[in-house]
Amino acid sequence: MSPEKMVMMANQIATFFATQPGEDGATGVATHVNDFWEPRMRAQLLDHVEAGGAGLHELVIAATPEIREPAERA
């Protein structure tokens with residue numbers, strides 16, 4: 001997937017959770033990514049964050065420690 005599309009999708013998730021009550025938006029982002037993104041997409045997201053995370057919403061960055069690292073990336 002193009003990096004631009006991946007960033008857009010991650011930011012859409014973060015925008016949703018940013019509007020929800022409570023302070024666990026990052027956990028919501030991580031849970032959604034873990035439940036619905038295939039391992040290659042999660043790996044691409046984690047690689048993008050490690051490379052600086054250009055364009056990503058702050059909740060996506062904050063969710064990174066809770067996103068499961070795919071086995072093929074490790």
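Residues numbered from 1 in each chain as written. Predicted model: local features only at pLDDT ≥ 70, side-chain atom pairs only at ≥ 80, totals over all residues. Heavy atoms only, no water.

Draft legend 1. A look at the environment of Leu59. When you line up the elements, Leu59 lands in helix α4 (residues 58-63). A C-alpha to C-alpha distance of 9.1 Å links Leu59 and Ile13, two positions 46 residues apart in sequence. (Helix = DSSP H or I, 4+ residues; strand = E, 2+ residues; numbered from the N terminus.)

Draft legend 2. Quick peek at the nonpolar core. Counting 19 residues, the largest nonpolar core has Val29, Val33, Trp37, Leu45, Leu56, Val60 and Ile67 as the members making the most contacts within it. For this core, the elements supplying multiple residues, two or more each, are α1 (3-18), α2 (25-36), α3 (39-50) and α4. Sort the elements by how many residues they give to this core and α1 lands first, with five residues. Beyond its immediate stretch of four places on either side in the chain, Val33 contacts Ile13, Arg42, Leu45 and Ile67. (Core = buried A, V, L, I, M, F, W, Y, C linked by side-chain atoms within 4.5 Å. Buried < 20%, exposed > 50% of the residue type's maximum accessible area, 1.4 Å probe, protein only. Contact = heavy atoms within 4.5 Å.)

Draft legend 3. Quick look at the environment of Gly22. One can find Gly22 in the loop between α1 and α2. A sequence separation of 45 residues divides Gly22 from Ile67, and the C-alpha atoms of the two residues are 20 Å apart.

Draft legend 4. Quick peek at α2. Across its twelve residues, α2 extends 16 Å between first and last C-alpha, which sits within 8% of the 16 Å expected from 1.5 Å per residue. Where α2 is concerned, the buried positions are Gly25, Ala26, Gly28, Val29, Ala30, Val33 and Asn34. (Expected span 1.5 Å × (residues − 1).)

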